[in-house]
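Working through the structure, step by step
Now for the letters of each chain:
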Amino acid sequence: MKRISILGALVLVALALPTAGGESRKFDRGFSFAPREHRVGVKTGPVGIESLYIGRWPDPGDFRKGERNLDDTHTCRIEFRYTNRDSRDWKCRYTVSVTSKGRVLARTESTETLGDGKVGKTHSFGLKMRTHEYKLAD
């Protein structure tokens, strides 16, 4: 199995992809925790993870609510764009962590199949954290 892992300072992303020899490869990358698209640029063999998009950011009303109630949570959306030019499926393990001064504020993991022959397809999943901590992330 080939593994790709991406790890970030604010957003830590880990990807795992199977290689032809059955081993895995890990890539660690860091990105700012901001509601926009980030270029990932990880490639191993015929498979590449092109970008990461952070969406569904809390609006001002959500932030006000989070300041009044420190246990209030909000789920943002993490979306990875990938291409698999191989004639077989690949497995990928995503690990996303948001940190502040070395402390992990939120973490989520997801294992996904990168379908064979897919170009520009996406995987997305939620990342739940306390609303007031969105502003604390590094």
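Look a little higher up for the structure.
Below, the structure is looked at part by part.

Now for the overall build of the chain. If you tally the helices and strands in the chain, you get one helix and eight strands. Beginning at the N terminus, the succession of helices and strands in the chain can be written as β-β-β-β-α-β-β-β-β. Across the 138 residues that make up the chain, the buried fraction comes to 46%. Considering only contacts in the chain between residues 6 or more positions apart, those separated by 24 or more positions represent 53%. Total accessible area on the chain is roughly 7000 Å²; 44% of this is exposed by carbon and sulfur atoms.

Non-glycine residue Arg 56 carries a positive phi angle of around 55°. Structurally, Arg 56 can be placed in the loop between strand S4 (47–55) and helix H1 (60–68).

Criteria and cut-off values
- Residues numbered from 1 in each chain as written.
- Predicted model: local features only at pLDDT ≥ 70, side-chain atom pairs only at ≥ 80, totals over all residues.
- Heavy atoms only, no water.
- Helix = DSSP H or I, 4+ residues; strand = E, 2+ residues; numbered from the N terminus.
- Buried < 20%, exposed > 50% of the residue type's maximum accessible area, 1.4 Å probe, protein only.
- Contact = heavy atoms within 4.5 Å.
- Areas by Shrake-Rupley, 256 points an atom, 1.4 Å probe, with all protein chains shown as cover.

It is worth stressing that arrangement in space is one thing and function is another; only the former is reported here.
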